[in-house]
Amino acid sequence: MPLYHTDDQAMLAETAQQFMGEEGAIAKQLRKWRDQGCKDGFGHDLWKQMAEMGFTGLLVPETDGGLGMGHVEAGIVLEEIGRNLTPSPFLTSSVMAATALASASDEARGRWLPGLVSGESVFAVAIDEGAKHRPERIATRAERSGNGFKLSGKKDFVVHGASADMIVVAARTSGADNDEGGVTLFAVPKDAAGLGHNSVRLVDSSMASHLTLDGVELDGDAVIGEVDGGREVLGRVLDAGRVGAAAEGVGVARGAMDRTVEYLKQRKQFGRLIGEFQALQHRAAHLYSEVEIARAVVIKAQQLLDAGAENASLMASVAKAKVGKAAGLAVKEGVQMHGGIGMTDEYDIGLYMKRDRALAEFMGDVYYHADRVARLSGY
Amino acid sequence: MADLDAFRAETRAWLEANCPPEMRQPVRDDDDVYWGGRNATFKNDAQRAWFEACRDKGYTVPAWPKEYGGAGLTPPEAKVLREEMARIGARPPLSSFGIWMLGPALLHFGTEQQKLHFLNQIARGEIRWCQGYSEPGSGSDLVSLQTFGEDKGDHWIVNGQKIWTSYADKADWIFCLVRTDKANKYQGITFMLFDMESTGVATKPILLISGNSPFCETFFDDVKVPKSYGDGIPAYVGEINRGWDVAKYLLGHEREMISGADSSERGAGIGATLTRQAGGELDPVLRAELAMFDVDALAFSAMGEKFLDEVKVGKAHPAYSNMMKYAGTELNKRRHELVMSAGGSTALEWDSEETRGGAAPRAWLRTKANSIEGGTSEVMLNVVAKRILELPGA
């Protein structure tokens, strides 16, 4: 498969670009909700509009009411979300939770997917148990109780946790904290007794929860996939999240870079356009090169994931790490090249830096994924 | 697809029958490379047999039309042949600047008679070519070149000096950029072809930091270059004074080659190999550097794949090759820095048998030229800034 968009995908990209550029624009969404101190950190009206566009159910099979498309298509939407810094539960709901639910029972799919497709529901995913992403270690316990399970533990960095109607929780049904096996995924409804949120606003103005699970009782239907065999589903959810976050990161990088290059063409200093200075030209060209390479490996990873290829998971980590480096460079160069104005709240470039910081941490940073590339490569 | 499968089976059988086992070993030194030419000698019978079999089949230049000495393979067939040769580790039967550089220029700009005359010679390895672009005062700024050809009616008298002419001392003919109009910077250069045995041509090898001297200084002292080698066979490619168009076209090719966009082997990670070679004991900080390198290398290999896919359908920006050249060469230099670090004191040995005569340090030193030859990294960045990002000129 060639590494560029098909005609259909290019059409979707155009649609997404126009929609997100108009409805999802920074002033209309991010700044509005931030300035209001919105407790969700995103607008539910936009989420419903995204449903009308067919975006919410992109990865949901047609038999479940979705569009049955792949990670390339989801990535197209995510890139535009990134470019416009649009606050939205798309990544946690339509990409990660939808990937988990693909392995759920008919009952569970029937219970949750219609709400996702219609834009009524929002989902979150609870994996991390600490300040750094380390999904190899799962300490949250799920003990058998009656014909169901009782969950105890705590989860961190649960993005949109307090707004979510359902949270996909990775818990341990057997074994020790660092064991490969013994992990199970659960669909936990928001009104479950014993579920506690300590919701906090992050640097990019998004909302994330510290989740406490204090003997949360669930019946057997809440299990997604096999009991004790959740690693495989979790692996798919993680890969979807990695590649999805990488696609959004490419959007953030390109948004920041485009603004910066435009600024270089307008701003005068010492009687000349600053874009004429070779020192800045070389840095801008180097940045462009890094962002293009990051884009290429993201499309590669999306295609491999859609094809179910053997090296998809390796390339998902390569993509997340490479985008982490490239987008980090884009926002840092962006603020520096804007000079003093880049430090003001009024100017958007700083918002890109904050979003990149949050996205870089989400689902593992560049160090985690470079290390994972080494481990998967056998060193 | 069925046709392609049949072609693959046929190719596999042909290679089995014609590629000697000795020609399926990695190239170890200069002797293992056959460059052809008037004074060519074969290292052994296997090298000769492999070259002659490929020459007769048109496999020295598989994708060229049959009338020019090629095998007339379609792009998918040529890819199958490359894959099958890579599968058994077959060496290239003939290495040649004629194939890589002059051939594509003639195919694109040459007259029919000129193509029949020169391309067949190149395909059959009869003439060894060298490339005369750079001058002491014009490296990356090629259009400032000074070598001058004075028009004498049916011939030119060429005077000047070239530098970095690879293997000029071993070449039979040169394809050479010569200024033929001093008034016009860009449209005053002619892409000439002439014999290195012409009176007034002299070469002097340049010893490099790698201990090798693949490059020469080349001097022209009143060299007489005819304007034609026969009916329909001009001694220049394209038009007189329009050689810059040809050179620009070829530089695009060269950048692609140097960037390694077409080589998956160069794109792959090296962390696992180097760790194994070091007996699994590398400093954790070096391991981290290797991991970061592998991320960049694997991502770049996706970029190379995307670039070639886009070139095929005309989606690639013309200045994309400059970006690939920049990123690919910087990556290759980093790769060899890591090879040296992981190799430790072994990688310092310059002449031992075990290190194949210091292959690692020589290769490391060689890579330092990657971001200089074919246009420096700085020039590549200038082009990306101006042509892709459209930043204002100074």
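About the criteria used
Residues numbered from 1 in each chain as written. Chains lettered and ligands numbered in written order. Predicted model: local features only at pLDDT ≥ 70, side-chain atom pairs only at ≥ 80, totals over all residues. Heavy atoms only, no water. UniProt positions renumbered as here; feature names shortened; annotations may be inferred. Phe/Tyr/Trp six-rings, centres within 6.5 Å; stacked < 30°, edge-to-face > 60°. Buried < 20%, exposed > 50% of the residue type's maximum accessible area, 1.4 Å probe, protein only. Helix = DSSP H or I, 4+ residues; strand = E, 2+ residues; numbered from the N terminus. Lys NZ or Arg CZ within 6 Å of the ring centre and 35° of its normal. Contact = heavy atoms within 4.5 Å. Buried area = accessible area lost by both parts, 1.4 Å probe. Salt bridge = Lys/Arg side-chain N within 4 Å of Asp/Glu carboxyl O. Polar contact = N/O pair within 3.5 Å; in protein donor to acceptor, adjacent residues only side chain to side chain. Nonpolar A, V, L, I, M, F, W, Y, C, P; charged D, E, K, R; others polar. Expected span 1.5 Å × (residues − 1). Core = buried A, V, L, I, M, F, W, Y, C linked by side-chain atoms within 4.5 Å. Axes fitted to C-alpha atoms, helices over the stretch in contact; angles between N-to-C directions. Parallel < 35°, antiparallel > 145°, perpendicular 65-115°, else oblique. Left-handed = near helix turned anticlockwise from the far one by under 90°.

Per an unreviewed UniProt entry, chain B goes by the name Acyl-CoA dehydrogenase and belongs to Tsuneonella deserti. Listed in UniProt under the heading Sequence similarities (unreviewed entry), the comment for chain B reads: "Belongs to the acyl-CoA dehydrogenase family." Checking UniProt for chain B, the heading Cofactor (unreviewed entry) contains the comment "FAD".

In the nomenclature of an unreviewed UniProt entry, chain A is known as Isovaleryl-CoA dehydrogenase of Tsuneonella deserti. Of chain A, the UniProt comment under Sequence similarities (unreviewed entry) reads exactly: "Belongs to the acyl-CoA dehydrogenase family." The Cofactor (unreviewed entry) comment attached to chain A in UniProt states, word for word, "FAD".

Quick look at the packing of aromatic side chains now. For the coordinates displayed, the defined rule picks out 30 aromatic pairs over all chains. Ring plane angle 80° and centroid distance 6.5 Å describe the contact between A:F270 and A:F277, whose orientation is recorded as edge-to-face. Residue A:F270 is classed as exposed on the basis of its relative accessible area, which comes to 76%. Judged by its relative accessible area of 23%, A:F277 falls in the partly exposed class. Taking the centre distance of 5.0 Å and the plane angle of 80° together, the rings of B:W14 and B:Y59 count as edge-to-face. Of this pair, B:W14 sits in helix α1 (residues 2–18) while B:Y59 sits in the loop between α2 (45–57) and α3 (75–88), placing them 45 residues apart in sequence. Here B:W14 matches B:Y59 in class, with each residue buried. In this structure an aromatic cluster arises from ring pairing among B:F118, B:W129, B:Y133, B:W173, B:F175, B:F191 and B:Y229. Looking at B:K227, its charged tip hangs above the ring of B:W156, at a distance of 5.2 Å from the centre. The ring of B:W350 is capped by B:R362, whose NZ or CZ atom sits 4.0 Å from the centre of that ring.

This part takes up the interface of chain B and chain A. On the side of chain A, 41 residues touch chain B, which itself brings 39 residues to the contact. For the pair chain B and chain A, the summed buried surface comes to about 3,400 Å²; carbon and sulfur atoms form 68% of the total. Remark: the boundary between chain B and chain A carries 4 salt bridges. A salt bridge links B:E305 to A:K300; the nearest nitrogen and oxygen atoms lie 3.0 Å apart. Linking chain B with chain A are 17 residue pairs in polar contact (both at pLDDT 80 or more). Residue assignment for the side of chain B that touches chain A shows that the elements contributing at least two residues are α8 (271–277), α9 (284–312), α10 (320–343) and α12 (377–388) of chain B. The leading source of residues in the side of chain B that touches chain A is α9(B), at 16 residues. In the side of chain B that touches chain A, the residues fall into 23 nonpolar, 4 polar and 12 charged.

Attention shifts here to the pattern of salt bridges. All names here are of chain A. Under the definition given, this model contains 62 salt bridges over all chains. Across the salt bridge formed by R141 and D177, the nearest N and O atoms sit 2.8 Å from each other. Residue R141 is located in strand β2 (residues 141–145), and its partner D177 is located in the loop between β4 (166–172) and β5 (183–189); the two are separated by 36 residues in the primary sequence. Residue class for D177 comes out partly exposed when judged on its relative accessible area of 23%.

For the rest of this paragraph, the subject is unusual backbone geometry. In this structure, A:S205 is a non-glycine residue whose phi angle is positive, near 75°. Within the secondary structure layout, A:S205 lies in the loop between β6 (195–201) and β7 (207–219). Positive phi, close to 50°, is recorded for B:D222, a residue that is not glycine. Tracing the sequence through the fold places B:D222 in strand β7 (residues 215–226). When its relative accessible area of 48% is taken as the criterion, B:D222 is described as partly exposed.

What follows concerns the UniProt feature "domain: Acyl-CoA dehydrogenase/oxidase N-terminal" (unreviewed entry) in chain B. In the numbering used here, UniProt assigns the "domain: Acyl-CoA dehydrogenase/oxidase N-terminal" (unreviewed entry) feature to residues 4–126 of chain B. With 54% helix and 0% strand, the stretch residues 4–126 of chain B has end C-alpha atoms that lie 32 Å from each other.

Time to look at the UniProt feature "domain: Acyl-CoA oxidase/dehydrogenase middle" (unreviewed entry) in chain B. The positions that UniProt labels "domain: Acyl-CoA oxidase/dehydrogenase middle" (unreviewed entry) are, in the present scheme, residues 130–223 of chain B. As annotated, residues 130–223 of chain B comprises 0% helix and 51% strand, and the C-alpha atoms at either end are separated by 17 Å.

All right, on to helix α10 (residues 349–361) of chain A then. Residues and elements named next belong to chain A. Its 13 residues place the ends of α10 19 Å apart at the C-alpha level, agreeing with the 18 Å of an ideal helix rising 1.5 Å per residue. If you check which residues of α10 are buried, you get I349, G350, L351, Y352, D356, A358, L359, A360 and E361. Looking one or two places after α10, you find M363, whose phi comes out positive at around 65°.

A separate point is the UniProt feature "domain: Acyl-CoA oxidase/dehydrogenase middle" (unreviewed entry) in chain A. Listed under "domain: Acyl-CoA oxidase/dehydrogenase middle" (unreviewed entry) in the UniProt record, and renumbered for this structure, are residues 137–201 of chain A. As a span, residues 137–201 of chain A carries 0% helix and 58% strand, and end to end its C-alpha atoms are 26 Å apart.

Residues and elements named next belong to chain A. With 138 residues, the main nonpolar core has M50, F55, F90, V95 and I224 as its most contacted residues. If you tally residues by element for this core, the top one is helix α7 (residues 230–266), at 17 residues. Once you skip the residues sitting within four places of it in the chain, F90 turns out to touch W47, M50, F55, T56, L58, A74, V77, L78, I81 and V95.

Attention now moves to the packing of α7(A) against helix α9 (residues 312–338) of chain A. All names here are of chain A. Put simply, α7 and α9 touch, their axes get as near as 8 Å, and they point 25° apart. Regarding the angle of α7 to α9, the classification is roughly parallel. Considering the relative orientation of α7 and α9, their crossing is left-handed. Residues belonging to the contact of α7 with α9 are distributed by class as follows: 16 nonpolar, 6 polar and 5 charged.

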